[in-house]
Amino acid sequence: MPGIYVMAVITLLVSAALWGGLLYVLPGRTKRYLWLLLPGLPLSALVNLGVKRPLAVMAGQMAGVAPKLGLETPWWFILFLFLLAPVFEEAVKVVPLLLPQVRRLLVSSAAALWVGMALGISFGLGEAAYLAYGIAQSPQYAALPWYIFTGYFGERLVVCFVHGVMTAVVVTGLQHGKGRGMIGYLAAVGLHTLVNLGAVFFQLGLIPAWGAQLALLLPILLLAAIFERLRRDIARGSDGPDSADEIVYFRRGQEEQLSGY
């Protein structure tokens, strides 16, 4: 078995435990949002295989350009490929909101924050699995031992949180209406673009690997600050449940805490 699969299992378990723990503790020691780690798992593979790759191939064929990143690639095609992930991934991550069971959780701004975080983390977990499969298909990596892929572990662990915050920006916007939701979506696309910038420069050969890692640090810090700002704003703006439905969830959460959940 390729070593990347072993590291992928470790990465998925640690990421699910770490970020699942955040979804349990910060909303008030409730299991309410944990099941939302499941709906987004297949979405990375679906959007890559069903949307991004076909669009890249089709656009490349129409323009007579190979669908890859390189200094010989026309700048407009590099920009097209660069924007595929932010535009389509930020849209597909909120697709589970079409499920009534998910929409019923959006009873307040606080609930929207945690629903968005859970859906984004779920997508990130699925993306980690999809990337591991792609790495395993490459002969140069297939024979490497699992402990070589520590870079994959660290990156995917952090990216799960990154996806969570970006999706939270969208969902908290949607909770206030379609107009705010579109603003949130565009903001998430911009943040996603910033996150991917270093990786694109590295693939173009413009910066070394350490430069790409350094370029990722600033967006991570920015997203962490955005998450904390959202969490504090919601805490200041609400002293308790603000709808009849949330009263039920609020009371249930109190019961969970008293029963030792």
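Residues numbered from 1 in each chain as written. Predicted model: local features only at pLDDT ≥ 70, side-chain atom pairs only at ≥ 80, totals over all residues. Heavy atoms only, no water.

Student: Explain the overall build of the protein to me, and be specific about the residues and the numbers.
Tutor: Across its full length, the protein holds 10 helices and 0 strands. Element order for the protein, N to C, with α for helix and β for strand: α-α-α-α-α-α-α-α-α-α. Taking the principal axes of its C-alpha atoms as reference, the protein extends roughly 60 × 45 × 30 Å. Here the protein holds 261 residues, and 43% of them are scored as buried. Total accessible area computed for the protein in this model is approximately 13600 Å², and 68% of it derives from carbon and sulfur atoms. Positive and negative side-chain charges of the protein, numbering 18 and 13 respectively, have mean locations separated by a distance of 2 Å. (Helix = DSSP H or I, 4+ residues; strand = E, 2+ residues; numbered from the N terminus. Buried < 20%, exposed > 50% of the residue type's maximum accessible area, 1.4 Å probe, protein only. Areas by Shrake-Rupley, 256 points an atom, 1.4 Å probe, with all protein chains shown as cover. Lys, Arg positive; Asp, Glu negative; His and termini not counted. Charge placed at Lys NZ, Arg CZ, Asp CG, Glu CD.)

Student: Break down the side chain of Lys93 for me, with residues and values.
Tutor: Counting through the fold element by element, Lys93 comes out in the loop between helix H3 (75–92) and helix H4 (100–103). At a separation of 3.0 Å, a polar atom in the side chain of Lys93 contacts the side chain of His163. (Polar contact = N/O pair within 3.5 Å; in protein donor to acceptor, adjacent residues only side chain to side chain.)

Student: Requested: an account of the side chain of Glu90, with residues and values cited.
Tutor: Its place among the elements puts Glu90 in helix H3. Given the relative accessible area of 0%, Glu90 is considered buried. Looking at Glu90, its side chain comes within polar contact range of the side chain of Lys93, at 2.9 Å. Every residue in contact with Glu90, bar those within four places of it in the chain, is listed here: Ala85, His163, Met166, Thr167, Tyr185, Ala188, Val189 and His192. (Contact = heavy atoms within 4.5 Å.)

Student: Help me get a handle on the environment of Gln203, residues and values and all.
Tutor: In this fold, Gln203 is placed in helix H8 (residues 178–203). For Gln203 and Met117, which are 86 residues apart along the polypeptide, the C-alpha to C-alpha distance reads 29 Å.

Student: Which residues make up a nonpolar patch on the surface, and what are the values?
Tutor: Residues Leu71, Leu194, Leu197, Phe201, Leu206 and Leu222 make up a contiguous nonpolar surface patch of about 500 Å² in total accessible area. At 3 residues, H8 tops the list of elements feeding residues into the nonpolar patch. Mapped onto the fold, Leu194 is located in helix H8. (Patch = residues over 30% accessible without salt bridge, like charges linked within 9 Å, V, L, I, M, F, W, Y side chains within 5 Å. Salt bridge = Lys/Arg side-chain N within 4 Å of Asp/Glu carboxyl O.)

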